[in-house]
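Overview (structure and organization)
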Amino acid sequence: ETGVTQTPRHLVMGMTNKKSLKCEQHLGHNAMYWYKQSAKKPLELMFVYSLEERVENNSVPSRFSPECPNSSHLFLHLHTLQPEDSALYLCASSQREKAYEQYFGPGTRLTVT
Amino acid sequence: GQSLEQPSEVTAVEGAIVQINCTYQTSGFYGLSWYQQHDGGAPTFLSYNGLDGLEETGRFSSFLSRSDSYGYLLLQELQMKDSASYFCAVRDGRNTDKLIFGTGTRLQVFP
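Presented here is an overview of the structure given in this document. Just so you know, these numbers come straight off a predicted model, no measurement behind them. (Residues numbered from 1 in each chain as written. Chains lettered and ligands numbered in written order. Predicted model: local features only at pLDDT ≥ 70, side-chain atom pairs only at ≥ 80, totals over all residues. Heavy atoms only, no water.)

Overview of the overall build of chain A
- Counting its secondary structure elements, chain A contains 0 helices and 11 strands.
- The linear arrangement of helices and strands in chain A, starting from the amino end, is β-β-β-β-β-β-β-β-β-β-β.
- Relative to a compact globule of 113 residues, whose C-alpha radius of gyration would be 13 Å, chain A shows 13 Å and is just as compact.
- Dimensions along the principal axes, computed over C-alpha positions, put chain A at roughly 40 × 30 × 30 Å.
- Relative to its 113 residues, chain A shows a buried fraction of 49%.
- Summarising the internal contacts of chain A: among those between residues at least 6 apart in sequence, 54% fall at separations of at least 24. (Helix = DSSP H or I, 4+ residues; strand = E, 2+ residues; numbered from the N terminus. Rg over C-alpha atoms; globule rule 2.2 N^0.38 Å. Buried < 20%, exposed > 50% of the residue type's maximum accessible area, 1.4 Å probe, protein only. Contact = heavy atoms within 4.5 Å.)

In structure tokens form, the structure reads like this:
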């Protein structure tokens, strides 16, 4: 595998479910990011992990919980989501000193019913 | 607040040149990046300007004027495969890993 991978690619979940999104990067980077992309809106940064430490939490509701067990893996744990959370969730990675050059995974298309 | 403004849509024909503008208003500024995203695909990095002036990468060039809080992406010899959304993004702090993205410009290239 090369680059940044994300699983699952598509996810449909009810509001009472608990699920997790997984991201893995094979680029040797030391920073990882979660973004939310909704129609007609800019990419919204959710979380940043730099050297495995969370350095940014962009006022994200607590129903989203990130986890970064090592520099190659990033998870987003989801529970009791709302329909407005339906979106494309993108993971990205970079070298910390080159945060302007981020490499994105293909995303998880999430639908909350 | 912090904002990056881009035109929502641009159209052009194959072989033409198109310029996508980005004006920003952010609390800090440490460089302007450009990303391309095809429908159903992931954003991919195109270019970065840390200083004023023009950066050229093949058919694509990017320009920055920090005094005007303005930049643009120039696409030359347009091809059908260039049809995509283009985002500018600002790194707003010297020691931050955070990018603020613009609203995106959808480019449609016609034959």
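Side note on the nonpolar core
- Ranked by internal contacts, the top residues of the largest apolar core, which has 23 residues, are L32, W34, L75, Y86 and L107 of chain B.
- When neighbours within four sequence positions are excluded, L107 of chain B is seen to be in contact with V10, V18, L75, L78, D82, S83, A84 and Y86 of chain B.
- Membership of the second largest hydrophobic core comes to 22 residues, among which are L21, W34, V60 and L78 of chain A. (Core = buried A, V, L, I, M, F, W, Y, C linked by side-chain atoms within 4.5 Å.)

Points about the sheet that holds strand β3 (residues 18–25) of chain A
Residues and elements named next belong to chain A.
- Pairing within the open sheet is antiparallel, and its 4 strands lie in the order β1-β3-β8-β7. Pairing within the sheet leaves two strands with one partner each, and these edge strands are β1 (4–7) and β7 (64–70). If you compare each strand with its neighbour and ignore which way they point, the axes differ by 20 degrees on average.
- Relative to strand β8 (residues 73–79), β7 runs antiparallel, the two being bridged by 5 bridges. Bridge pairing in β8 links E67 to F75. (Pairing = 2+ DSSP bridges. Axes fitted to C-alpha atoms, helices over the stretch in contact; angles between N-to-C directions.)

Some points on the pairing of strand β8 (residues 70–75) of chain B
Residue and element names in this part refer to chain B.
- Among the 6 residues that make up β8, 5 are buried, leaving the element largely enclosed by the rest of the structure.
- As judged from the 6 bridges shared by strand β3 (residues 18–25) and β8, these two strands associate in the antiparallel manner. Note that in β8 the partner of I20 across the bridge is L73.
- Pairing of strand β7 (residues 60–65) with β8, which is carried by 6 bridges, proceeds in the antiparallel orientation. Paired with L64 across the bridge in β8 is G71.
- Counting the residues between successive antiparallel strands, the hairpin from β7 to β8 contains 4 residues, one of them, S69, with a positive phi of roughly 50 degrees.

Description of the interface of chain A and chain B
- Listed as interface residues are 22 residues of chain A and, on the opposing side, 17 residues of chain B.
- When chain A packs against chain B, the two sides together hide about 1,700 Å² of surface, and 58% of this comes from carbon and sulfur.
- At the boundary of chain A with chain B, the tally comes to 0 salt bridges.
- Viewed at the interface, chain B and chain A are joined by 4 residue pairs in polar contact (both at pLDDT 80 or more). (Buried area = accessible area lost by both parts, 1.4 Å probe. Salt bridge = Lys/Arg side-chain N within 4 Å of Asp/Glu carboxyl O. Polar contact = N/O pair within 3.5 Å; in protein donor to acceptor, adjacent residues only side chain to side chain.)

Observations concerning the side chain of S65 of chain B
- One can find S65 of chain B in strand β7.
- Contacts of S65 of chain B, omitting those with residues within four sequence positions, involve Y24, D52 and Y70 of chain B.

Some thoughts on the pattern of salt bridges
- The full count for this structure, using the stated rule, is 6 salt bridges over all chains.
- As a salt-bridge pair, K41 of chain A and E44 of chain A come within 3.6 Å of each other at their nearest N and O atoms.
- The partner of R59 of chain B in a salt bridge is D82 of chain B, and the shortest N-O contact between them spans 2.8 Å. Of the two residues, R59 of chain B sits in the loop between β6 (53–57) and β7 while D82 of chain B sits in the loop between β8 and β9 (84–91), which places them 23 residues apart along the sequence.
- The exposure class assigned to D82 of chain B is buried, which follows from its relative accessible area of 2%.

As for the state of the cysteines
Residue and element names in this part refer to chain A.
- What the rule picks out here adds up to 2 disulfides over all chains.
- The disulfide partner of C23 is C91, and the gap between their sulfur atoms is 1.9 Å. Here the S-S torsion is close to -70 degrees, and the disulfide linking C23 with C91 is therefore left-handed. Of this pair, C23 sits in strand β3 while C91 sits in strand β9 (residues 87–94), placing them 68 residues apart in sequence.
- We classify C23 as buried; its relative accessible area is 0%.
- For C91, a relative accessible area of 0% corresponds to the buried category. (Disulfide = S-S within 2.5 Å.)

Interpretation in functional terms is not warranted from these geometric data alone.
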